[in-house]
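In case you want the letters, here they are:
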Amino acid sequence: MIDLSEEAFLLIVVICIILSIVLIEIVFVILYRIVSTIVDVKNKNYYSKVEELLNELVFDDEQNYISKAVKNYVEKQNVILKKFNNIDNTSNPNFRKAIQKVILKFHKNVSGSVSEELRKIYIALRLSKDSVLKINSNKWMLKVEGIIELTQLNIKIPLTTLKILINHKNEIVRQEAIFAVVKFYNVFEKNGDNSYNGYNDIKFNLFGYLEYELSEWQQIKLINTISQIKFDVIPDFSKWLNSENKSVKVLFIKLIVQYNQYESIPILITLLEEKDEKILKQTILALGELEGVFAVNKLIELYSVLNPENRIDIIKSLGKIGTDNVVTFLIEKFSETIDDTVKLIILESIKTIDEKQIDTIRIKHNDEKTNLMIKHLYKNENVA
Amino acid sequence: MDSFFNILFDFTTYFFFVFTVTMLLSYILIGVYSAKAMLDYSRKNNYVDYRDILNSKFTPPISIIAPAYNEGMTIVENILSLLSLYYGEYEVIIVNDGSKDDSMEKLIKYFHLKKVDFYINYKLPCQPIRGIYESTNPIYNKLIIIDKENGGKSDALNSGINIAKYDLFCAVDVDTIIEPDSLLKVIKPFLEEKTKVIATGGVIRISNSCIIDRGRISEVILPKETLPRIQTLEYIRSFLLGRMGWSKLNGLLIISGAFGLFDKKVVIDSGGYNKNTVTEDFEIVVRIRKFMEDLKMPYKVVYIPDPLCWTEAPNTFKILYRQRNRWYRGLAETLWMYKGFFLNKKYGIMGILSYPYWFFLEWLAPIVEICGYILLMFFIIVGKIDWIFAFLLLISVYLFSIFLSITSLIFEEFSFNQYKNKKDFFKFLLVTLIEPLGYHQYITWASFRGNFDLMFKKKSWGEMTRTGFNPTDVKKKQFKLPSLESIKPSSMVGYALFIIIFGLTIRHVAFNNDYVEIKEDIFNTTISKQKIDKSSIIEKQKISENYKVAKIEKKRYWHVIFHEIKTIKKANEEAYRLREKGYETTVIKNQKTGHFLISVGKKETNIKASDLLNKIAEEEQKFDLWLLLYEE
């Protein structure tokens, strides 16, 4: 017998523990792979059958009696249920998940009446109830899934539910709830309350209700969502420029630009007094995009007090606005500035406003550097 | 004398104990952090639809900067791939860093380039720029080519930054295969984080054996060769088990040079890329972090676990040795350059955690390990070895290394699961068993030698006759378990042996794509990017004098006539010889035999296929020529 020390015994224990963990890990991965394969095979089988059936139901004219022959809702629902039950029991959770997945996938790629048919099938199979249950779950991931499913299928989620989720502690839940509200409700009434003025006209002052800041990512997604709304009359987005939520201000400045709301220029000019960097930057850029002539004096006035980055934004915007006094100002700044990047941007702005003035600069600064910069301006013309 | 030995034993015992316990705890903690970060990320990004930002005019534009040196063989294809990324507004700046091959001629011809009068504002120093070119073809209006004197990768990146138009730039290696949606993924942290993000990076994967079609990975295959396969495991461990954790702690010190997105202003203000280091991708991150810390401005360096690009791993020990040696030198250089960080509270997490971690567990570990070897020899000679205890230690360390590797494989399984083949997991298992036995010691030796090379001022590329970009990689690292026998002098032998055998760890350095010193490497790298997709070959026939080529006239895509050559040098010579004759040639590595093939001719050539084949067959009689008929 080998006489082992106490420490060696302890080490053997450690070895056994590590070995056990390693073996458990290996077995776990192998089992996981086996189970995944089985589930995948089963799901693939479900997917192909569900896809086939959905194709019949929504695309095949002869089979499409759901919207034609069968008028009664309950009867229609039963017909659909029966057809799906022929594949497997529709109360089987895995099967339901498969149906849900396929419907959502189909729905992403279709529009019009087919999309509406899919929506009806989703409701008929009570999958919408599954989605509602998810929203009511305690897990944020399920909440998100539920909101996304219903929003995608245009199944209205009650405002009372969404209002709670708009300021949820999890940002993804908040984000999806906000998108849902924008999609389903009239959020562009500044003083909107929950008054019910018609089926699709529940007003809700969403942007006054937000407690959290919107990230740039969320802003871009929101602008996309809003862009898809078919407005009878495009709302006046400047109403939200006095929001206390800075990100809301930035969002609406972007929306003003997106919808070319020139009438908002005077309000935008007032925002040039803002101390917040993001708001100020967005306002300067917006005034340029909207060619806010009345903002010229204010922008010129601000030039000397702002930081170099804001100055570049001002030059770019002035170039887009382009009035005579702007050119004089820019020529003056060209002489004053020592930063070549700024000089180049000034030249580009001058060229946009009045190309002839480039010659003025050429004559005034007859040096190699300026000539090179001017050549740079025309490089694209030369290439073409 | 005995008392001297006892003191020596005690000292070394305590030292190794503290060292190994620290390592163990560090890796476990980082692993836990990584797991949490991975889980959060996958949950959060499960619902992301990147199409939303694809066409928005509010998505920030990006300048892609890709330095290139002697990349003539694949440069056109690589640029076409860069020009077809999914992103709204971006420009592609290719920096031809004084290539000596025909890169520039190829670019001018293919993209119809014309020299333009470009005013360059030299905010960062760089070698003289010979000219800037843009395409006369509007479909390539995103493309800008800088032709400059050779100055190295850092210099090339600095020149690219000088002309970059947009506020964010993405430094990439022109010879890596970039995922089409990588820009969309890497921009996300810049748009969603509340704190200013100054850099983002992501996972780099190994492309050896993968099937590449039109500059994209069309099928992910686990490397068939052992060395790249081991490195695949290293990458997974490093990226998924290590960097996610450091990112969550906001202590990430490296973004791979193969693909990283940076705030241009911060990089310029901090002085740009350093030309005096061999690991510029490591140095730049430390530099910009220092810059932000000095300004006391809150910032983040973010890492995302999505695979962003694919790069080739070395498949010979020789190249692997040089890589690891170079990384180690770069690591040592950078650590020395920023020695003021060490345990400096002023630099927050970076000073208290990141820097010490890199110092002790990345830089010092190979040295400690080599000391372990020496001590082992010494203790064997003086007969102080406790064989039973040493053996048990070895087993425990070996098992722990396997545990770490398998844990990282579980991370991979539950995240991106790139290797779906049923046999892949078992192949990986085998790798986890063999990696600590030999491979690790080799890497440790390469790293250790890096110190000497640094001391003797060895530059990996010596004079400025550098060529091309090196493949990829990962810096190696060691890991040691603490021993319970920390007091008994005899256990010293156990520690030493333990350190020798054990070495697996989470690797953190992936200094990618530096220039390499030997011309052969370049070809080795670029060549093996081209792979023959076996499934697309529909026929292989030997060409002889009486060969009937009528068949191929019916095929739209006939592709290759080749002969196998055993050495890359010879293959290269032959390729150039054929090119001088006017053929378009590509050197391809046959993954199965390891030999090199020369592909002649091209798809959809205007020349009648049979005429060209007969001509080549006639001219190249000394070789056995084969015809491959392809389907695309």
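Conventions adopted
- Residues numbered from 1 in each chain as written.
- Chains lettered and ligands numbered in written order.
- Predicted model: local features only at pLDDT ≥ 70, side-chain atom pairs only at ≥ 80, totals over all residues.
- Heavy atoms only, no water.
- Helix = DSSP H or I, 4+ residues; strand = E, 2+ residues; numbered from the N terminus.
- Buried < 20%, exposed > 50% of the residue type's maximum accessible area, 1.4 Å probe, protein only.
- Contact = heavy atoms within 4.5 Å.
- Areas by Shrake-Rupley, 256 points an atom, 1.4 Å probe, with all protein chains shown as cover.
- Pairing = 2+ DSSP bridges.
- Axes fitted to C-alpha atoms, helices over the stretch in contact; angles between N-to-C directions.
- Polar contact = N/O pair within 3.5 Å; in protein donor to acceptor, adjacent residues only side chain to side chain.
- Expected span 1.5 Å × (residues − 1).
- Buried area = accessible area lost by both parts, 1.4 Å probe.
- Salt bridge = Lys/Arg side-chain N within 4 Å of Asp/Glu carboxyl O.
- pLDDT = per-residue confidence, 0-100.
- Phe/Tyr/Trp six-rings, centres within 6.5 Å; stacked < 30°, edge-to-face > 60°.
- Right-handed = clockwise from strand over helix to strand, strands pointing away.

Draft legend 1. Representation of the overall build of chain B. Scanning chain B for helices and strands turns up 18 helices and 20 strands. The burial tally for chain B puts 65% of its 632 residues in the buried class. Pairs at least 24 apart in sequence give 83% of the contacts found in chain B among residues at least 6 apart. Accessible surface computed for chain B: about 23900 Å², of which carbon and sulfur atoms make up 59%.

Draft legend 2. Summary view of the overall build of chain A. A count of helices and strands for chain A gives 20 helices and zero strands. In chain A, once contacts between residues fewer than 6 apart in sequence are set aside, the share between residues at least 24 apart is 63%. Accessible surface computed for chain A: about 19900 Å², of which carbon and sulfur atoms make up 54%.

Draft legend 3. Local environment of the sheet that holds strand β4 (residues 129-135) of chain B. Residues and elements named next belong to chain B. Strand order in the open sheet formed by 10 strands is β3-β4-β5-β2-β1-β6-β11-β8-β12-β7, with mixed pairing between adjacent strands. The open sheet is flanked by β3 (113-116) and β7 (177-178), the only strands paired with a single partner. Inspection of the sheet shows strand β8 (residues 197-206) paired to strand β11 (residues 259-263) by three bridges, in the antiparallel sense. Bridging across to β11, Thr-200 finds its partner in Leu-261. The sheet strands contacting helix α4 (residues 103-111) are β2 (90-97), β3, β4 and β5 (143-148), and the helix crosses β5 at an angle near 155 degrees.

Draft legend 4. Broad picture of the side chain of A:His376. In this structure, A:His376 sits in helix α19 (residues 368-377). At 2.7 Å, the side chain of A:His376 forms a polar contact with the backbone nitrogen of B:Tyr119. Every residue in contact with A:His376, bar those within four places of it in the chain, is listed here: A:Leu344, A:Glu348, B:Asp117, B:Phe118 and B:Tyr119.

Draft legend 5. Summary view of helix α12 (residues 387-414) of chain B. If you check α12(B), its first and last C-alpha atoms are 41 Å apart, about what 28 residues at 1.5 Å a residue would give, namely 40 Å. Burial analysis of α12(B) places 22 of its 28 residues in the buried class, which makes it a mostly covered element.

Draft legend 6. Broad picture of the interface of chain A and chain B. At the junction of the two partners, chain A supplies 55 residues and chain B supplies 55 residues. Carbon and sulfur atoms make up 68% of the area that chain A and chain B hide from each other, which totals about 5100 Å². The salt bridge involving A:Glu309 is made with B:Lys265; its shortest N-O contact spans 3.9 Å. Here chain A and chain B share 13 residue pairs in polar contact (both at pLDDT 80 or more) between them.

Draft legend 7. Representation of the confidence of the model for chain A. Residues and elements named next belong to chain A. Within chain A, residue pLDDT values average 84, and 89% of them lie at 70 or more. Mean pLDDT across the elements of chain A ranges from a minimum in helix α20 (residues 379-383), with 62, to a maximum in helix α11 (residues 246-258), with 94. Low confidence marks residues 192-199, where pLDDT is under 50. Its contacts with residues over four positions away, or in another chain, come to 15 contacts.

Draft legend 8. Expanded view of the packing of aromatic side chains. All names here are of chain A. If you walk through the whole model with that rule in mind, you get 37 aromatic pairs over all chains. Here Tyr-303 and Phe-329 contribute two aromatic rings whose centre-to-centre distance is 5.3 Å and whose plane-to-plane angle is 85 degrees, an arrangement assigned as edge-to-face. Of this pair, Tyr-303 sits in helix α14 (residues 296-303) while Phe-329 is found in helix α16 (residues 324-336), placing the two residues 26 residues apart along the sequence. Neither Tyr-303 nor Phe-329 differs from the other in exposure class; each is buried.

Draft legend 9. Expanded view of the pairing of β2(B). All names here are of chain B. Across the eight residues that make up β2, a large majority, eight, are buried. Burial along β2 is two-sided: Tyr-90, Val-92, Ile-94 and Asn-96 facing one way and Glu-91, Ile-93, Val-95 and Asp-97 facing the other are all buried. Of the strand pairs in this sheet, strand β1 (residues 62-68) and β2 are connected by seven bridges, and their pairing is parallel. Its bridge partner lying in β2, Ala-68 is registered against Asn-96. Taken together, β1, helix α3 (residues 75-83) and β2 constitute a β-α-β crossover, and its handedness is right-handed. In the sheet, β2 pairs with β5 via six bridges, with the strands oriented parallel. Following the sheet pairing, Val-95 is matched in β5 by Ile-146.

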